[in-house]
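Here is what each chain is made of, one letter per residue.
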Amino acid sequence: MRQPDFSVDGWSLEDGEDYHRRAPATFPIPDLAVRQILQPGDFAKLIFRIAVDSAEEPEAFERMWVIVRERTPGGYLGMLDNEPSAIQQNSEFWEGSELPFEPGHIIAVQQASAESRRLASRPAPIPWAR
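Residues numbered from 1 in each chain as written. Predicted model: local features only at pLDDT ≥ 70, side-chain atom pairs only at ≥ 80, totals over all residues. Heavy atoms only, no water.

J.: Describe the nonpolar core, listing the residues and the values that go with them.
T.: Core analysis: the largest hydrophobic core is formed by 17 residues, its most contacted members being Leu46, Phe48, Leu99 and Phe101. For this core, the leading source of residues is strand 2 (residues 43–51), giving 4 residues. Beyond its immediate stretch of four places on either side in the chain, Leu99 contacts Trp11, Leu13, Leu46, Phe48, Val66, Tyr76, Leu77, Gly78, Leu80 and Trp128. In this structure, Phe43, Ile67, Ala120 and Ala124 belong to the second largest nonpolar core, which totals 6 residues. (Core = buried A, V, L, I, M, F, W, Y, C linked by side-chain atoms within 4.5 Å. Buried < 20%, exposed > 50% of the residue type's maximum accessible area, 1.4 Å probe, protein only. Helix = DSSP H or I, 4+ residues; strand = E, 2+ residues; numbered from the N terminus. Contact = heavy atoms within 4.5 Å.)

J.: I'd like a rundown of the pattern of salt bridges, residues and numbers included.
T.: A full pass over the atoms with the stated rule returns 7 salt bridges. Note that Arg69 and Glu98 form a salt bridge whose closest N and O atoms lie 3.0 Å from each other. Of this pair, Arg69 sits in strand 3 (residues 59–72) while Glu98 sits in strand 5 (residues 98–101), and the two are 29 residues apart along the sequence. Take Glu98: its relative accessible area is 6%, and that puts it in the buried class. Where Glu115 meets Arg118, a salt bridge forms, and the shortest distance between an N and an O atom there is 2.5 Å. Within this pair, Glu115 and its partner Arg118 are both found in helix 4 (residues 114–121), separated by 3 residues, close to a single helical turn. A cluster of three or more residues bridged by salt bridges with shared partners is formed by Asp18, Arg21 and Arg22. (Salt bridge = Lys/Arg side-chain N within 4 Å of Asp/Glu carboxyl O.)

J.: Give a description of the environment of Gly75 that names residues and reports values.
T.: Inspection of the secondary structure puts Gly75 in strand 4 (residues 75–80). In this structure Gly75 touches Glu70, Phe101, Glu102 and Pro103, once residues within four positions along its chain are discounted.

J.: Pulling in residues and values, what's your account of the packing of aromatic side chains?
T.: Applying the stated criterion across every chain, the model contains 5 aromatic pairs. Taking the centre distance of 6.3 Å and the plane angle of 85° together, the rings of Phe43 and Trp65 count as edge-to-face. Pair noted here: Phe43 is in strand 2 and Trp65 is in strand 3, with a separation of 22 residues, a long-range link. Within the aromatic cluster, the residues linked to one another by ring pairs are Trp11, Phe48 and Trp128. Directly above the aromatic system of Tyr19 lies the positively charged group of Arg22, at a separation of 4.9 Å from the ring centroid. Directly above the aromatic system of Phe6 lies the positively charged group of Arg49, at a separation of 3.6 Å from the ring centroid. (Phe/Tyr/Trp six-rings, centres within 6.5 Å; stacked < 30°, edge-to-face > 60°. Lys NZ or Arg CZ within 6 Å of the ring centre and 35° of its normal.)

J.: So what's going on with the pairing of strand 3? Which residues, and what values?
T.: Of the strand pairs in this sheet, strand 2 and strand 3 are connected by 9 bridges, and their pairing is antiparallel. In the sheet register, Arg49 faces strand 3, and the bridge partner there is Phe61. The antiparallel pairing of strand 3 with strand 4 creates a hairpin that spans 2 residues between the two strands. (Pairing = 2+ DSSP bridges.)

Next up, the structure:
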């Protein structure tokens with residue numbers, strides 16, 4: 001499955017493990033074993049690099065929650081559970097956008113709720129272009 005690409009999609013995912021390696025005392029992340037066993041409905045927090053229409057700052061970084069929809073051979077397919085504040089609302093990347101991600105992208109996790117399990121089982125409002 002194709003991973004998000006900044007030049008193609010206007011956004012991409014940051015490597016959470018890299019952030020942790022650079023500042024382990026101030027940037028903790030869950031153990032790899034925890035990041036590898038998420039189930040549909042669980043939440044994963046990811047760092048998004050997003051292109052913005054600004055000459056001074058052409059990109060923004062946002063930490064946002066994603067609901068795990070399914071496990072894939074390389075990680076997960078999830079659905080954005082936040083609205084990015086760095087960009088104007090559009091039809092391609094907004095709350096409900098489906099996206100692939102890997103355990104290395106995850107910087108925090110939260111257990112599923114009844115509502116998130118229900119949302120994970122429904123079709124994504126904005127499907128990923130596989």
